[in-house]
Amino acid sequence: MNTVRIVTSSVLKKSRLSIMEVSLASGFNDSNYFTRQFTKAMGLSPKKFRQQQ
């Protein structure tokens, strides 16, 4: 799980893939479930995490 979070957060920061595409690439079939799990693990939604600089 930790590896998935690190890779996913790197992809979110460095790519132009949509959240849906990142969730699918991370092995999640449901982007809403991915968003809930990402938010729970990282403390921010994928969108807000991506906007952080």
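Student: Please clarify how the overall build of the protein should be interpreted in this entry.
Tutor: In terms of helices and strands, the protein carries four helices and zero strands. Taken over 53 residues, the protein has a buried fraction of 21%. The contacts of the protein with a sequence gap of at least 6 include a subset with a gap of at least 24, amounting to 46%.

Student: Just checking my understanding: could you explain helix 3 (residues 31-42) for this structure?
Tutor: Each turn of an α-helix holds 3.6 residues, which means side chains three or four residues apart point in the same direction. Taking 1.5 Å of rise per residue, the twelve residues of helix 3 would be expected to cover 16 Å, and the 16 Å separating its terminal C-alpha atoms lies within 8% of that figure. Among the residues of helix 3, those classed as buried are Ser 31, Phe 34 and Phe 38. Each buried residue of helix 3 sits inside an arc of 50° when the element is viewed along its axis, so together they form one side. Residues of helix 3 that are exposed and point over 90 degrees away from its buried face: Asn 32 and Lys 40. Where helix 3 starts, the residue carrying a side-chain oxygen 2.9 Å from the main-chain nitrogen of Asn 32 turns out to be Asp 30. Positive backbone phi, at 85°, marks Gly 43, one or two positions downstream of helix 3.

Student: Looking at this structure, how should I read the environment of Phe 34?
Tutor: In this fold, Phe 34 is placed in helix 3. By relative accessible area, Phe 34 is classed as buried at 2%. Between the alpha carbons of Phe 34 and Ser 23 there is a distance of 5.9 Å; along the sequence they are eleven residues apart.

Student: Teacher, can you tell me more about the environment of Leu 44 here?
Tutor: The residue Leu 44 is located in the loop between helix 3 and helix 4 (46-51) in this model. Excluding its chain neighbours within four sequence positions, the residues that come into contact with Leu 44 are Phe 38, Thr 39, Phe 49 and Gln 52.

Student: Looking at this structure, I do not really get the side chain of Ser 23. What am I missing?
Tutor: For Ser 23, the location among the structural elements is in helix 2 (residues 19-25). For Ser 23, a relative accessible area of 0% translates into the label buried. Among all residues touching Ser 23, those that are not within four sequence positions of it are Phe 28, Ser 31 and Phe 34.

Thresholds, definitions, all that
- Residues numbered from 1 in each chain as written.
- Predicted model: local features only at pLDDT ≥ 70, side-chain atom pairs only at ≥ 80, totals over all residues.
- Heavy atoms only, no water.
- Helix = DSSP H or I, 4+ residues; strand = E, 2+ residues; numbered from the N terminus.
- Buried < 20%, exposed > 50% of the residue type's maximum accessible area, 1.4 Å probe, protein only.
- Contact = heavy atoms within 4.5 Å.
- Expected span 1.5 Å × (residues − 1).
- Arc of directions from axis to C-beta.
- Polar contact = N/O pair within 3.5 Å; in protein donor to acceptor, adjacent residues only side chain to side chain.

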